[in-house]
Amino acid sequence: MVFKALLQAVNMIPTINYNTQLELVELIDQTRLPLEKSILRCTHEDEIVQAIKTMQIRGAPAIGVAAAYGVFLGLQRFNGSEKTFSAFWPGLVDMLASTRPTAVNLFWALDRMRQTVETILHTQGKFIERLAMARQGALKEAQAIQNEDIAMCRAIGRYGAEFLKDGQTWITHCNAGALATAGYGTALGVFRAAQEQGKKFRVFVDETRPLLQGSRLTAWELREENIDATLICDNVAGSLMANGKIQAVVVGADRITAHGYVANKIGTYPLAVLASFHNIPFYVAAPASTFDLKLTLGRRIAIEERDPGEVRSFGARPTAPFDMPVFNPAFDVTPPELVSAIFTNVGVLKPPFSASIREKMARIPTQAAFTARKA
Ligand code: MRU
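Anyway, here's the lowdown on the structure attached to this text. It should be emphasised that the depicted structure is a prediction, and the values quoted were computed from it without experimental measurement.

## With respect to the site of the ligand
So, step 1. Close to the ligand lie 19 residues, the nearest being R58, A60, R100, N264 and K265.
So, step 2. K265 places a polar side-chain atom, nitrogen or oxygen, 2.7 Å from an oxygen atom of the ligand.
So, step 3. Going through the elements one at a time, α3 (60-77) and β9 (262-265) are the ones with two or more residues in the shell around the ligand.

## A closer look at the side chain of T15
So, step 1. Checked against the element boundaries, T15 lands in the loop between α1 (2-10) and β1 (16-19).
So, step 2. A distance of 2.5 Å separates a polar side-chain atom of T15 from the backbone oxygen of A178.

## Section: the pattern of salt bridges
So, step 1. All told, the structure shown has 16 salt bridges when counted by the stated rule.
So, step 2. We note a salt bridge from R32 to D29, for which the minimum N-O separation is 3.4 Å.
So, step 3. In this structure D29 comes out as buried when scored by relative accessible area, which is 4%.
So, step 4. Each of the salt bridges in this network shares a partner with another, and the network as a whole consists of R100, E304, R306 and E310.

## Observations concerning unusual backbone geometry
So, step 1. Here the amide bond leading from L33 into P34 is cis, since omega sits at 5 degrees, within 30 degrees of zero.
So, step 2. As for its placement among the helices and strands, P34 is situated in the loop between β2 (24-28) and β3 (39-42).
So, step 3. A cis amide bond links R209 with the next residue in sequence, P210, at an omega value of 0 degrees.
So, step 4. In this structure, P210 sits in the loop between β5 (202-206) and α8 (213-224).
So, step 5. With phi around 70 degrees, T208 is a residue other than glycine that occupies positive phi space.
So, step 6. Here T208 lies in the loop between β5 and α8.

## Thoughts on the pairing of β2
So, step 1. When you tally the buried positions in β2, you get five out of five residues, the bulk of the element.
So, step 2. Along β2, one buried face is formed by L24, E26 and I28 and the opposite face, lined by V25 and L27, is buried too.
So, step 3. Examined bridge by bridge, β1 and β2 share four bridges and lie antiparallel to one another. The residue of β2 that forms the bridge with Y18 is V25.
So, step 4. The hairpin formed by β1 and β2 contains four residues between the paired strands, and E23 there has a positive phi angle of roughly 55 degrees.

Conventions adopted
- By convention here, each chain's residues receive numbers from 1 onward along its written sequence.
- Two thresholds apply to this predicted model, a pLDDT of at least 70 for residue-level local features and 80 or more for giving and counting side-chain atom pairs, whereas whole-chain, interface and lining totals are computed over all residues.
- Values shown for side chains rest on all heavy atoms present in the structure; no hydrogens or waters enter the calculation.
- The nearness test applies per residue and asks whether one of its heavy atoms lies within 4 Å of the molecule or strand.
- Polar contacts, as counted here, are pairs of nitrogen or oxygen atoms within 3.5 Å of one another; within protein the pair requires one atom able to donate a hydrogen and one able to accept it, and residues that are adjacent in sequence qualify only if both atoms are side-chain atoms.
- Secondary structure elements are taken from DSSP: a helix is a run of H or I of four residues or more, a strand is a run of E of two residues or more, and numbering for both begins at the N terminus.
- Within this document, salt bridges are pairs made up of a side-chain nitrogen of Lys or Arg and a carboxyl oxygen of Asp or Glu, the two lying within 4 Å of each other.
- Buried, partly exposed and exposed residues are distinguished by accessible area as a fraction of the type maximum, computed with a 1.4 Å probe on protein chains only: under 20%, between the cut-offs, and over 50%, respectively.
- Being paired, for any two strands, means DSSP has found at least two bridges between them.

Okay, here's the thing in structure tokens:
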């Protein structure tokens, strides 16, 4: 109910939702956009695992929310004894954690779910009753993660929109929009907030090879919002900047270390280098759940490598020799010296980031407990 009200209030795309009447998780199948807005219905945690792996749902905060619901679906389905639960439970969390390695939001959300469920299960009483309470607690926690994400995105948007001046043109890369979050978006949240404030501006959208999140998802979202947007190939940004057409870049993030290294969609780092060369501000927009304070250096971030087939073809059409060797990293890391500011839900972080991140993010819980258990 709260979620529906939040969505109506901001006229947003419902990326993921728990349908309490049908008792299932509904999500927009992002692999079918922009041609078709089809809803995927999940009743089993394996379906959530598949949806994350195949990127039917993607984007750092959104996969965290999906995994949280995956925990709830697993608990709903479990009907064994306390003894069998002790094997089932870590397997459930680990399976969801193994879906994608880079976005820390996934581990952050799973850690919250694990702590909620284990706290309830460690109370006194019959196992069957504790399990029933754990199911309720898990649903509440997943819904809280979802609702908090929307609130964080709105705050990010408000902070970021202060930097976007009337008449400016910005570039964004990949999709850090409503579809990548529980709603509203981080980088695209900045544009939504600026639009709500009545500002006039233009956005260039990198198509984002190989999976085209820019042209399939960001272009679609910005059109839905009537935001003035133009699609470009990834290799166009440099000439636009050289011709003085761009005033700033804003991107999302999958993980930001304590020293301000930013992992985001492959192609983000070259965009930051270009922006620096042309003296254009490079902004990152991210919620607290994207900060990994356990890591300092960017090279420690696990970078996902995806299927070579994504590069050997364009859509369904082969565009390379079928057995051509391919290197297909899904993310890159931008060093802090190329980042002008980070828009977060608790304010705007400025360099030096090791100090500003420590000051603003120190009290925000991280995924420490989860990773410690895995180590
Ligand atoms: O591979 P994807 O599509 O999940 O990558 C998404 C991104 O890189 C986004 O920019 C990032 O997750 C931020 S989303 C608010």
